[in-house]
Amino acid sequence: MRAPLFLFMPALIAVAGFETALALVSPLVSLRLEEGGVSTGMIGLVASAYSIGYLGGTQICRHLILHYGARQTIAALALLAALSLLAHALLFDVLLWLLLSATCGFAMAGIYTIAESLLNVLASRGNRGRLYSVYMTASWLTAGASPVAVLAEGSGGMTSFVIAGALIAFTTLPVLLSRRVALPVPTHGSLTLRHFRAVPPVALAICFGSGIVNGGLHGLLSSFAVETGLDNNDLSVMLTVAAIAGVAGQFPIGHFSDKARERIAVAKIVIVFGIVLCLALFAFSSAGFVMLATLFGLLTAIMAPIYGLGAALANDRAGDGCTLATTGTLLFVNGIGAAIGPIGAGLAMQAWGPAGLFLFLAGAAGVIGLATANQRWLERIWLLVPRA
């Protein structure tokens, strides 16, 4: 476990830098748009633009890696993301911010593709769940930057955007200078139907649902706070709870999945608890801040590791040389879910009020639950998909 983790560390630092930067600015984008009188649906669209750019990145970045190499691609993506964040600080326009959000998503997709491919090159069946837990823990630790930004700047600050851009440039240096392990290079620039057929359909369903739930929850959390009358201090507490809970749930669930006879059984348990907690948040959303924060923390702890479970399940079955294709496929379907999540959550909040956020999430988690509960049926359907 120590050796692969040591070799993975430069890529882990780069991912953590990108995610810390985005955590700094993400709640500020929503708060600034709310202050500007932008509708919840439009705010959801801006949040989804990140995922739409992310989807494009899962496709185009593979071509960049193929033609220019992983390190050169990372350098270009870091520059693109840093300039996008600096542009946020200089200009305020809803349509421009939609484009800038998509640009950040595009860059993040390339970093994820390289990092997760390297992770699966280094991992084995016996430690993949725990290695994903470390990876996801680093991601969720970066969420601690969100409450700091909210408390320090509220809805009007721009300093966090400048700091975020500088942070991306700094934290990509270790992976650019690393020569300890060769980063994987794709043999094909595009994802094909063959790549999708090679991934277990239940893993695709889990990663897709993870994108919907986590994208909707964290994309619209700031709007939920504003519409329920929570102030910046309350929102900061919620974001802090999310960071702590997201970290706390990672390693126990990852360890349990490595030791379990079937990793899918752990995913089923996690999803059932997620559905129950979403319904509880919908029912008790106005019961008091302590109750709200407690249930929100439990939901985050349960649902934060779900992508790692799906990815580990898929890569357990991936053949040699298939890690990049498998990673690209999972990131692509996760990105589709993350694009749908904020839009669906925003529309649900418009239709049923702020608590509609959790009703939407319960429905999304329920769909994933049906897919995992009917794994064999899903695989039989998957066999009907054409091979080419």
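Here goes a summary of the coordinates provided. (Residues numbered from 1 in each chain as written. Predicted model: local features only at pLDDT ≥ 70, side-chain atom pairs only at ≥ 80, totals over all residues. Heavy atoms only, no water.)

Thoughts on the side chain of S285
Inference 1: Mapped onto the fold, S285 is located in the loop between α14 (263-283) and α15 (289-303).
Inference 2: With relative accessibility at 18%, the residue S285 sits in the buried group.
Inference 3: With near-sequence residues (within four places) excluded, S285 lies in contact with F224, L292 and A355. (Helix = DSSP H or I, 4+ residues; strand = E, 2+ residues; numbered from the N terminus. Buried < 20%, exposed > 50% of the residue type's maximum accessible area, 1.4 Å probe, protein only. Contact = heavy atoms within 4.5 Å.)

Brief notes about the packing of aromatic side chains
Inference 1: By the definition in use, this model includes three aromatic pairs.
Inference 2: For the pair Y50 and Y54, a centre-to-centre distance of 6.3 Å together with 35° between the ring planes defines the contact as tilted. Of this pair, Y50 and Y54 both sit in helix α2 (residues 40-68), four residues apart, which is roughly one turn of the helix.
Inference 3: Accessibility expressed as a relative area gives 4% for Y54, which makes it buried.
Inference 4: Aromatic pair Y54 and Y112: ring centres 6.0 Å apart, planes at 65°, arrangement edge-to-face. You can see Y54 sitting in helix α2 and its partner Y112 sitting in helix α4 (residues 94-122), a full 58 residues away along the chain. Of the two residues, Y54 and Y112, neither departs from the other in class, the shared state being buried. (Phe/Tyr/Trp six-rings, centres within 6.5 Å; stacked < 30°, edge-to-face > 60°.)

A closer look at α14
Inference 1: Here α14 is 21 residues long and its end C-alpha atoms lie 31 Å apart, about the 30 Å a rise of 1.5 Å per residue gives.
Inference 2: Inspection of α14 places R263, I264, V266, A267, V270, I271, G274, L277, C278, A280 and L281 among the buried residues, and these make up the whole buried set. (Expected span 1.5 Å × (residues − 1).)

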